[in-house]
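One-letter residues, chain by chain:
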There are 2 protein chains.
Amino acid sequence: MDIVDKVLAGDVRSAARVMTWVENGMAEAVSALKRLFPHTGRGFVVGVTGPPGSGKSTLVDRLTGEFRRLGKTVGIVAVDPSSPFSGGAILADRVRMQRHSLDEEIFIRSMANRGHLGGLSRTTNDVVDVMDAMGKEIILVETVGVGQDEIEIVRTAHTCLVVAVPGLGDDIQAIKAGIMEIGDLFVVNKADRDGAERTYAEIEGIIRQSRTGRGWRPRIFKTMAVKNEGIEELARGIQEHQRFLEAGSGTSRKVRDRSEAVLWALLEERLLTRVRERIVAGCAFDELVDLIAARRVDPYTAVEQVLVCLGLPPEPAPLPRLTDILPTD
Amino acid sequence: MDIVDKVLAGDVRSAARVMTWVENGMAEAVSALKRLFPHTGRGFVVGVTGPPGSGKSTLVDRLTGEFRRLGKTVGIVAVDPSSPFSGGAILADRVRMQRHSLDEEIFIRSMANRGHLGGLSRTTNDVVDVMDAMGKEIILVETVGVGQDEIEIVRTAHTCLVVAVPGLGDDIQAIKAGIMEIGDLFVVNKADRDGAERTYAEIEGIIRQSRTGRGWRPRIFKTMAVKNEGIEELARGIQEHQRFLEAGSGTSRKVRDRSEAVLWALLEERLLTRVRERIVAGCAFDELVDLIAARRVDPYTAVEQVLVCLGLPPEPAPLPRLTDILPTD
């Protein structure tokens with residue numbers, strides 16, 4: 001029984017090891033993921049996003065408890081893109097691990113960003129796939145909902161849950177406006193705070209204006225996660241959305257969206273890595289930077305030169321035909 | 001006198017028009033930016049970052065007032081990546097515009113994200129260049145400091161100012177850890193709030209531990225931006241850092257870092273755009289997505305095929321030599 005078989009059998013240590021390969025960009029990750037991939041597609045992925053301080057972690061924690069009570073196995077991926085240098089997600093991870101450490105059916109993984117080439121959404125996808133392949137039925141992906149990367153991460157989940165909180169400043173309004181289109185469910189957490197009704201009404205107003213046309217009307221919930229209040233209703237709401245997707249063509253649309261996003265994220269990363277190696281090796285990159293710094297060449301002209309150097313001139317050459325990649329079985 | 005000459009003469013309407021071209025990805029933008037670029041490099045760029053609700057906008061507003069009092073012209077670029085769909089930065093922009101609308105020497109531009117291909121840092125760079133070319137002496141670039149993109153945006157500023165605020169949750173700690181390495185100056189805003197001393201002491205502790213080795217010891221300031229308290233000292237701190245950079249090799253290092261970041265941002269965008277067109281046209285992309293969705297092909301195998309289709313196989317072919325791009329004058 002090798003490591004891939006062990007992951008498929010639900011072995012926690014083996015899964016954690018593959019995830020470490022993924023995060024460190026090791027070659028072993030790719031061969032493991034290729035073998036795990038056919039066994040994915042069974043887990044239901046719930047993206048949870050919201051501003052710092054909205055209580056996402058506690059909410060995810062309580063939702064996990066509720067899904068366990070309902071007999072579901074749960075995977076949690078806590079994405080912390082705010083620590084590109086220091087890997088600051090570790091502490092939070094430990095705190096959470098303690099709470100659920102006695103439950104074998106919960107798997108928690110915190111991720112900080114590694115590298116610069118748009119790798120976070122790709123590594124998150126891969127870690128979700130590992131959890132899926134090991135048989136987790138509900139996979140909660142939690143991320144701070146501010147930047148573009150983070151929105152991409154939750155966008156392709158089956159259900160996207162947006163957490164708001166009363167009493168933050170103006171920035172919060174902009175955040176809400178930005179993520180309204182991706183929210184299937186909304187949560188006003190810390191609902192005992194001043195301004196909760198106003199926040200609720202604001203979200204309601206925006207939902208009323210937006211017509212998604214997909215037949216699902218976004219719902220709003222009030223929770224006090226620290227007191228475990230409103231969690232049961234929220235978990236029911238998530239399952240309702242799951243049933244809605246499964247009843248129509250929703251699931252297959254989401255699966256296709258997710259496949260496309262995964263392919264693009266991986267392609268971008270691979271492409272930029274490959275091109276970066278080539279450029280540094282053969283396109284006089286450092287000299288170009290010096291020329292730009294001296295204002296002797298503008299960046300646009302420099303990029304045109306690099307693209308020519310890479311064999312990607314503005315006028316595209318005819319493409320070779322795509323090798324037939326249909327599986328032979 | 002054409003539009004580029006007008007920008008160089010400081011004309012606000014012309015500058016705004018070029019910025020709109022930049023944001024909309026229009027061909028006119030490139031030719032204008034090429035001509036403006038030799039006139040850049042004079043403005044001093046201050047990146048301002050911090051979590052939602054930390055009062056960045058007010059702080060930038062007050063700093064602007066202070067720099068105007070000191071006789072400097074000011075440009076403000078407010079980057080709002082949280083609104084990829086709705087362009088939610090507009091309202092904030094209007095509110096601010098009102099306050100400074102009578103002052104010809106202040107130019108304010110709000111930017112939301114457009115498109116998916118990592119365009120935000122590139123368009124921000126371009127807008128900063130336009131402000132620089134039109135003669136703004138201080139250019140304040142404000143962004144929510146959470147995601148990787150946003151960190152990239154402020155990272156290449158001459159001075160990076162990190163705004164913290166007392167009394168937010170655990171997330172804030174992670175954010176602080178993530179951006180410590182890029183902060184030249186730190187601000188504890190809303191310093192009359194409970195916990196201000198603790199936040200100050202925490203930042204101090206992290207600074208003491210981190211040894212940048214560049215000779216600049218990050219400084220911490222307390223402000224109450226709404227009451228205009230602490231702003232004068234902060235503006236002096238920024239100017240001190242400016243003098244520090246100019247006295248040593250700091251400025252030229254920052255200029256080179258910025259040139260490199262600009263070149264990469266532009267290259268990534270151009271590369272992904274070009275490749276996307278080719279893939280969609282000739283690499284059976286939709287079919288690949290369908291195969292992934294059906295779990296018949298894994299994403300890693302699919303990407304390898306696309307790279308072969310693009311003429312970028314794992315084993316790189318020898319590169320053509322870089323055309324000599326040294327200006328002939």
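Quick note: structure is the one above.
What comes next concerns the included structure. Bear in mind the structure is a predicted one, so any value in this text is a computation, not a measurement.

## Concerning the packing of helix α2 (residues 12-23) of chain B against helix α3 (residues 27-36) of chain B
Residue and element names in this part refer to chain B. Between α2 and α3, the least distance of the axes is 8 Å, while the angle of their chain directions is 125 degrees. Comparing their axes, α3 and α2 come out oblique. For the crossing formed where α2 meets α3, the hand is left-handed. Between α2 and α3, the contacting residues are Val18, Trp21 and Val22 on the first element and Glu28, Ala29, Ala32, Leu33 and Leu36 on the second.

## Re the pattern of salt bridges
All names here are of chain A. For the structure on display, the rule yields 32 salt bridges over all chains. Linking Glu232 and Arg69 is a salt bridge whose minimum nitrogen-to-oxygen distance equals 4.0 Å. Of this pair, Glu232 sits in helix α10 (residues 231-247) while Arg69 sits in helix α4 (residues 56-69), and the two are 163 residues apart along the sequence. One salt bridge connects Glu260 with Arg256, and the closest N-O pair in it is separated by 3.6 Å. Here the residue Glu260 and the residue Arg256 both occupy positions in helix α11 (residues 250-282), the gap between them amounting to 4 residues, near one helical turn. By relative accessible area, which is 26% here, Glu260 ends up partly exposed. For Arg256, a relative accessible area of 25% gives the class partly exposed. Through salt bridges with shared partners, a single network forms among Glu66, Arg69, Glu232 and Arg236.

## Focus on unusual backbone geometry
Positive phi values are uncommon outside glycine, yet A:Arg295 reaches one of about 60 degrees. Relative to the assigned elements, A:Arg295 resides in the loop between α12 (285-293) and α13 (299-309). Residues other than glycine seldom take positive phi values, yet B:Asn228 does so here, at roughly 65 degrees. Checked against the element boundaries, B:Asn228 lands in the loop between β7 (219-222) and α10 (231-247).

## Considering α13(A)
Residues and elements named next belong to chain A. In terms of burial, α13 is largely enclosed, as 8 of its 11 residues are buried. For α13, the complete set of buried residues consists of Pro299, Tyr300, Ala302, Val303, Gln305, Val306, Leu307 and Cys309. At the C-terminal side of α13, Gly311 shows a positive phi close to 80 degrees.

## Side note on the side chain of B:Gln239
With respect to the secondary-structure elements, B:Gln239 resides in helix α10. Setting aside residues no more than four positions away along its own chain, B:Gln239 makes contact with B:Phe67, B:Leu70 and B:Lys72.

## What about the environment of B:His158?
Residue and element names in this part refer to chain B. Here His158 is to be found in the loop between α7 (148-155) and β5 (159-164). Assessed through its relative accessible area of 9%, His158 is described here as buried. Residues His158 and Leu245, 87 residues apart in the sequence, show an inter-C-alpha distance of 8.2 Å. Excluding anything up to four places from it in sequence, His158 contacts Gly43, Phe44, Val45, Asp184, His241, Leu245, Lys254 and Val255. Separated by 2.8 Å, the side chain of His158 and the backbone nitrogen of Val45 make a polar contact.

## Quick look at the packing of helix α3 (residues 27-36) of chain A against helix α13 (residues 299-309) of chain B
Two numbers describe how α3(A) lies on α13(B): the axes approach to 8 Å, and their chain directions differ by 115 degrees. Relative to α13(B), α3(A) is oriented roughly perpendicular. Of α13(B), the residues touching α3(A) (which contributes A:Val30, A:Leu33 and A:Lys34) are B:Tyr300, B:Thr301 and B:Glu304. Residues of the contact of α3(A) with α13(B), tallied by class, amount to 3 nonpolar, 1 polar and 2 charged.

## Some details on the packing of aromatic side chains
By the definition in use, this model includes 4 aromatic pairs over all chains. Ring centres 4.8 Å apart and planes at 40 degrees place the aromatic pair A:Phe285 and B:Trp264 in the tilted group. Pair noted here: A:Phe285 is in helix α12 and B:Trp264 is in helix α11 (residues 250-282), and the two residues belong to different chains. Side by side, A:Phe285 and B:Trp264 carry an identical accessibility label, which is buried. Against the face of A:Tyr200 rests A:Lys222, its NZ or CZ located 4.8 Å from the ring centre.

Calculation rules
- Residues numbered from 1 in each chain as written.
- Chains lettered and ligands numbered in written order.
- Predicted model: local features only at pLDDT ≥ 70, side-chain atom pairs only at ≥ 80, totals over all residues.
- Heavy atoms only, no water.
- Axes fitted to C-alpha atoms, helices over the stretch in contact; angles between N-to-C directions.
- Helix = DSSP H or I, 4+ residues; strand = E, 2+ residues; numbered from the N terminus.
- Parallel < 35°, antiparallel > 145°, perpendicular 65-115°, else oblique.
- Left-handed = near helix turned anticlockwise from the far one by under 90°.
- Contact = heavy atoms within 4.5 Å.
- Salt bridge = Lys/Arg side-chain N within 4 Å of Asp/Glu carboxyl O.
- Buried < 20%, exposed > 50% of the residue type's maximum accessible area, 1.4 Å probe, protein only.
- Polar contact = N/O pair within 3.5 Å; in protein donor to acceptor, adjacent residues only side chain to side chain.
- Nonpolar A, V, L, I, M, F, W, Y, C, P; charged D, E, K, R; others polar.
- Phe/Tyr/Trp six-rings, centres within 6.5 Å; stacked < 30°, edge-to-face > 60°.
- Lys NZ or Arg CZ within 6 Å of the ring centre and 35° of its normal.

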